[in-house]
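Structure assessment
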Amino acid sequence: MKIVERILKSINTIPAFPATGNKVAQLLTKPDYSVNEVANVIKFDPSITANILKMANSAYFGPRHKISSINDAVVYLGQKNLLRAIQTAGISKYYKKGALGYFDKVTDLWEHSVAVALMSQIISQKITGQENTTLYTAALLHDVGKIIMGEFVRDSLAKISGLVATQNISFLDAEEIVIGINHAELGGKIAAYWKFPAEIIDAISFHHRPDLLEKEEKIMPWIVYIADQACIMLGFGGGVDGLSYRAVGQVLKKFNLRMKDLEMSMVLLSDDLSRAKELISII
Amino acid sequence: MSDLIVGISDIKVSNNAGDVIITYALGSCIGIVVFDPIAKVGGMLHYMLPESTLDQNKARENPEMFADTGIPLLFKSCYKLGADKKRMIVKAAGGASILDDTNFFRIGQKNIMAMRKIFWKNNVMIDEEDTGLNYNRTIRLEISTGKVFVRSSGGEMKEL
Ligand SMILES: [Fe+2]
Ligand SMILES: [Fe+2]
C-alpha cells in the first residue's frame, strides 16, 4: 500500500469527536434552556467533565466567581467561554500523544495549538471587531493532521528537510512531494471525518495557503493563517518545520493590516498566554 | 548547579560557576548572551520585538520584551554582579524569518537590525552571531567556561 493510502486509512482509527460541544451549543440557542439540562449534557462526557472545572477557573476565561461544579460553569462562565472550555477539553485528548516526528516534546503541538487559538481571537477582534467561537475551534484544530503525519514525517525527515534546505521550498510542499499529502490537507480530512462544518474544514485545509481557497470571501482560513504564522515566528511550539512556510503577501492589503498591528497582537498574546496556563497544562 | 531557563521576554544572569543559562525555541525572537571572563558573570536576554515605542506601558512593566529596553537591562544586571563593559563578550542568535518574507512578516529582520543599531551606537562589538534563516534555535551559556552553544531545530549543539 502507498504511504498516502495508509495515512488516509488510519483516519478511520481515530475515535469519534465528542458531540458535547455541539449539543451544548444547540441547547444554548433555545431561549428557555435550563442550567441542569446543559450541565447534564456535559456530565455525560467524563473526559470533558474531568478537565472543565480546572479550565473554567483559568484567568483567560475570566470567571468572577470560583467555579466548583459543572452547574456553576454553566451559570457563571457565559455562553462563549463555556463553549470554548468544552471544545478545549474535548480536543485536548487527541493531542496527548503529540506529534513526535515534528516535535521534541509531546506537549509542543498542544502548546502551539492553544497559542494559535488565543491568537486567532486577538486577530479576529482586530479585523472584525469581535471574537468567534467557531474560529477558536478551527484554530485549536488547525494542525490536527500532524498527529497522524508525525510518524510518517519522522521516517522521511531527512528527505523532507533536504528538499526544504536545497530547493528553497516550504515544508508543506516538501511533505506533499515526499509523502503525497500535506498536514493541512490531512487535517481537513480528519475534520470532515469528525463531521465539522465546512468553514472549519476549509480553515484547517488552507491554513498555510488561504490564497488557494476559491471561496475568497471566507475570512476564517486567513485569520488562522495569520495567527499560526505569528505563533511560529514567536517560537510557540516550534518543531522541525521551523519557520519554513511561505509568506502570503496579500494578507496585508486584504485586511489593511500594518506590521505594527502584528507586533501589537504579539504583545497581547503574551498576556493571554500567561492567563491561560490551565489550558496548556491539561494534557 | 542549576539550569536557569530564560522564557520569552525574559532575562537571567548569574555569577555561579555551576549554572547553565538556557533559552528554547527562538524563532524571530533574538537571544543575546553576554559574558565577562574575568568576573565570570554571564547573562542572557530573550527579546521578542525591536522597539519599545510600540507600547510604552508594556515596556515599563516588561522591559525584557523589546530590544531597546532589554539590552541595556541585560548589561546593567550583569554590572550588578561585577561585570565590566570593556571585558564583556557579546553573542547573539535567532531572528529567523519565514520564507519570502514580505514586510508584514519581517520581524526577525527587524529584530536583527535593532540589535545591531543598539550595539553600534554604544560602541559594543558583537563577537559571534548566528541569525536569520528559517529555523528555531536553542542557546546554552555555561557560566563556568563562558562557552555558548546553539542548536537549530532537529540539529546538533554547536559552539558559537
Ligand atoms: Fe500547519
Ligand atoms: Fe501551526
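The following paragraphs examine the structure supplied in this document. One numbering rule holds for all chains: residues counted from 1, following each sequence as written. Labels are handed out in written order, letters beginning with A for the chains and numbers beginning with 1 for the ligands. Owing to the predicted nature of the model, reporting of local features is limited to residues with pLDDT of at least 70; listing and counting of side-chain atom pairs is limited to 80 or more, with chain, interface and lining totals taken over all residues. The side-chain figures draw on all heavy atoms in the structure; neither hydrogens nor water molecules are used.

Here we look at the overall build of chain A
Numbered from the N terminus, helices here are DSSP runs of H or I no shorter than four residues, and strands are runs of E no shorter than two. Looking only at helices and strands, one finds 17 helices and zero strands in chain A. We compute the radius of gyration over the C-alpha atoms and compare it with the globule rule, which gives 2.2 Å times the number of residues raised to the power 0.38. Taken over the C-alpha trace, chain A has a radius of gyration of 19 Å; the compact-globule value for 283 residues is 19 Å, and the two agree within 12%. Projected onto its principal axes, the C-alpha coordinates of chain A cover approximately 60 × 45 × 35 Å. Only protein chains enter the calculation, and the probe is 1.4 Å; a residue is then buried if its accessible area is under 20% of its type maximum, exposed if over 50%, and partly exposed in between. Within chain A, the proportion of its 283 residues that are buried is 56%. It only takes one pair of heavy atoms within 4.5 Å for two residues to be counted as in contact. Partitioning the contacts of chain A with sequence separation of at least 6, the portion at a separation of at least 24 is 68%. A 1.4 Å probe and the Shrake-Rupley method give the accessible areas. Residues count as covered only by the protein chains that appear here. On chain A, roughly 11800 Å² of surface is accessible, and the fraction owed to carbon and sulfur atoms is 53%. The sign given to each residue is positive for Lys and Arg and negative for Asp and Glu; His and the chain ends receive no count. By convention, the point assigned to a charge is CZ for Arg, NZ for Lys, CD for Glu and CG for Asp. Computing the positive centroid from 31 side-chain charges and the negative centroid from 29, chain A places the two 3 Å apart.

Digging into the coordination of the iron ion (ligand 1)
All names here are of chain A. Donor atoms from the polypeptide that bind the iron ion (ligand 1) are D143 (OD), H183 (NE2), H207 (NE2) and H208 (NE2), placed at 2.2 Å. Coordination at the iron ion (ligand 1) comes from four donor atoms whose angles at the metal span 85 to 173°, giving a geometry best classed as irregular. Here the iron ion (ligand 2) and the iron ion (ligand 1) are spaced 3.6 Å from one another, each receiving a donor from D143. One end of the pair, D143, is in the loop between α8 (133–141) and α9 (145–155); the other, H208, is in the loop between α13 (198–205) and α14 (220–233), and 65 residues separate them in sequence. On the accessibility criterion, H208 (4% relative accessible area) is buried. Only N, O and S atoms count as donors, using a 2.8 Å cut-off from the metal and 3.2 Å for Na, K and Ca, and because water is excluded some sites may appear unfinished. Here a site with four donors is tetrahedral if all angles are between 85 and 135 degrees, and a site with four or six donors is square planar or octahedral if opposite donors are over 155 degrees apart and the other angles are between 65 and 115; anything else gets the irregular label.

Remarks on the sheet that holds strand β4 (residues 30–36) of chain B
All names here are of chain B. Pairs of strands are assigned from DSSP output, requiring at least two bridges between the strands. As summarised here, the arrangement of the five strands in space is β2-β5-β4-β6-β7, forming an open sheet in which the pairing is mixed. Taken across any chain shown, the strands that pair with only one partner, and hence form the sheet edges, are β2 (10–14) and β7 (128–131). Mean inter-strand twist for the sheet, computed between neighbouring axes without regard to direction, equals 10°. Of the pairings in the sheet, the one linking β4 to strand β6 (residues 89–94) comprises six bridges and is antiparallel in character. Axis definition: a line fit to C-alpha positions, over the contact stretch in the case of helices; interaxial angles, taken between N-to-C directions, run 0 to 180 degrees.

Thoughts on the coordination of the iron ion (ligand 2)
All names here are of chain A. At 2.2 Å from the iron ion (ligand 2) lie its protein donor atoms, namely H112 (NE2), H142 (NE2), D143 (OD) and D228 (OD). The coordination sphere of the iron ion (ligand 2) comprises four donor atoms, whose angles at the metal cover 82 to 174°; the geometry is irregular. For the iron ion (ligand 2), all donor residues lie on one chain, and their spacing in sequence is H-x29-H-D-x84-D.

A closer look at the packing of aromatic side chains
Residues and elements named next belong to chain A. Note on ring pairs: Phe, Tyr and Trp rings are taken, using the six-membered ring of Trp, and paired if centres are within 6.5 Å. Classes follow the plane angle, with under 30 degrees stacked, over 60 edge-to-face and the rest tilted. Taken as a whole and assessed by the stated rule, the structure comprises 13 aromatic pairs over all chains. A ring pair is formed by Y102 and F103, whose centres lie 6.3 Å apart and whose planes are at 40°; its orientation type is tilted. Each member of the pair, Y102 as well as F103, carries the same accessibility label: buried. Aromatic ring contacts, followed pair by pair, group F17, Y94, W194 and F196 into a single cluster. A ring is scored as having a charge over it whenever the NZ atom of a lysine or the CZ atom of an arginine sits within 6 Å of its centre and within 35 degrees of its normal. In this structure, K146 packs its charged tip against the face of Y102, placed 4.8 Å from the ring centre.

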